[in-house]
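Structural description and commentary
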Amino acid sequence: QVQLAESGGGLVQAGGSLRLSCAASGLPFNRYGMGWFRQAPGKERDFVAAITWSALSTYYADSVKGRFTISRDNAKNTVYLQMNSLKPEDTAVYYCAAMKKELRWMLRDGDEYDYWGQGTQVTVSS
């Protein structure tokens, strides 16, 4: 049974930091590309960041470049999203996702991912 479990969300003031974690089980984690997406109420799901299985390549939405860092620890089957300099517009439910084939040109497209977590709420106050 495949499971992706996000954690680390919460309430933080603008300018603060949070680190999200996504623990994966039931899949060969070290051969899956991993991504983070977010969705605010009434808005579409947006790409945030992605990382290849080798961790040699990372991808970021323009809105988070320079502020967020995605990383992974294959030995722990965990992917992280370090979020610094948070802004109120970062408020959303954050989801992690796993892509089996790791199509690098598709890592920004949520429709290409095979598995999804339940999400963790991030709220940034002004």
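Described in the following lines is the structure provided in the data block. All of these numbers come straight from a predicted model, not from anything done at the bench.

What about the environment of N77?
By the secondary structure assignment, N77 is in the loop between β7 (68-73) and β8 (78-83). For N77, a relative accessible area of 26% translates into the label partly exposed. Between the alpha carbons of N77 and M34 there is a distance of 11 Å; along the sequence they are 43 residues apart. Apart from residues no more than four positions distant in its own chain, N77 is found in contact with C22, A23, A24 and F29.

Re the packing of aromatic side chains
One pair of aromatic rings is described through two measures. These are the centre distance and the angle between the planes. Applying the stated criterion to the full structure yields five aromatic pairs. Plain terms: the ring middles of F37 and F47 are 5.7 Å apart, the flat faces sit at 75° to each other, and that makes the pair edge-to-face. In this pair, F37 is assigned in strand β4 (residues 33-39) and F47 in strand β5 (residues 46-51), connecting sequence segments 10 residues apart. Both residues of the pair, F37 and F47, count as buried. Pairing F37 with Y113 gives two aromatic rings, centres 5.1 Å apart and planes at 85°, and the pair type is edge-to-face. With F37 in strand β4 and Y113 in the loop between β9 (92-99) and β10 (115-116), this residue pair connects regions lying 76 residues apart in the sequence. According to the relative accessible area criterion, F37 is buried, its value standing at 1%. A relative accessible area of 7% places Y113 in the buried class. Cluster of aromatic residues (ring-pair linked, three or more members): F37, F47, Y113 and W116. The aromatic ring of W53 is capped on one face by R31, whose charged end is 3.9 Å from the ring centroid.

Notes on the sheet that holds β7
Strand order across the open sheet formed by four strands is β1-β3-β8-β7, with antiparallel pairing between neighbours. At either end of the open sheet lies a strand with only one pairing partner, and these are β1 (3-7) and β7. The mean inter-strand angle of the sheet, taken between neighbouring strand axes irrespective of direction, is 15°.

Cut-offs applied
- Residues numbered from 1 in each chain as written.
- Predicted model: local features only at pLDDT ≥ 70, side-chain atom pairs only at ≥ 80, totals over all residues.
- Heavy atoms only, no water.
- Helix = DSSP H or I, 4+ residues; strand = E, 2+ residues; numbered from the N terminus.
- Buried < 20%, exposed > 50% of the residue type's maximum accessible area, 1.4 Å probe, protein only.
- Contact = heavy atoms within 4.5 Å.
- Phe/Tyr/Trp six-rings, centres within 6.5 Å; stacked < 30°, edge-to-face > 60°.
- Lys NZ or Arg CZ within 6 Å of the ring centre and 35° of its normal.
- Pairing = 2+ DSSP bridges.
- Axes fitted to C-alpha atoms, helices over the stretch in contact; angles between N-to-C directions.

That's the geometry; what it means functionally is another story.
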